[in-house]
Amino acid sequence: MSVKEMKKKNYTRKVSQVGNSLSFNLPKELTDLLEITKGEELQITYNEEEGGIVVKKANRVPEGIRPEMLKAMNRAVGKYDQALRNLKDR
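We now turn to the structure provided with this report.

How each quantity is defined
Along each chain, numbering runs from 1 in the same order as the chain's sequence is written. Reporting of local features is limited, given that this is a predicted model, to residues whose pLDDT is at least 70; pairs of side-chain atoms are given and counted only at 80 or more, and all residues count toward the totals for whole chains, interfaces and linings. Calculated side-chain values reflect all of the structure's heavy atoms, with hydrogen atoms and water omitted. By definition, any uninterrupted DSSP run of H or I lasting at least four residues is a helix, any uninterrupted run of E lasting at least two residues is a strand, and each is numbered from the N terminus. The buried label applies to any residue whose accessible area, calculated with a 1.4 Å probe on protein chains only, is under 20% of its type's maximum; exposed applies above 50%, and partly exposed to all values in between. Note on definitions: salt bridges are taken to be side-chain nitrogens of Lys or Arg within 4 Å of carboxyl oxygens of Asp or Glu.

1. Observations concerning unusual backbone geometry
1) Next: One non-glycine residue, Glu35, lies in positive phi territory at about 55°.
2) Next: Turning to its location among the elements, Glu35 is positioned in the loop between α2 (28-34) and β3 (42-47).
3) Next: Since its relative accessible area comes to 59%, Glu35 is described here as exposed.

What follows is the structure in structure tokens.
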């Protein structure tokens, strides 16, 4: 299913109490499509005009850093993780 098709699909979820907060779950179909995983940060924005909220994946890319550069750096760190750790201990 494409993102365009998902724009047309509605989901109904119950709100639950978790401690002093309220929460709702996201359907697996949606988390798979948006590649949202456990522990990931989401940005929640209140839209006053529509009287609702918009939930998006949080953009954790520091200002001035191109996302493709960050991805390349993460790949390199993943590939050479042990070598970098060894250098740190020297």
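From this point, the narrative continues.
2. Re the pattern of salt bridges
1) Next: Taken as a whole and assessed by the stated rule, the structure comprises 5 salt bridges.
2) Next: The partner of Lys57 in a salt bridge is Glu40, with the nearest N and O atoms 3.3 Å apart. One end of the pair, Lys57, is in strand β4 (residues 52-57); the other, Glu40, is in the loop between α2 and β3, with 17 residues separating them in the sequence.
3) Next: With a relative accessible area of 36%, Lys57 lands in the partly exposed category.
4) Next: Of the residues examined, Glu40 reaches a relative accessible area of 29% and is grouped as partly exposed.

Note that all results are geometric; they support no functional claim without further evidence.
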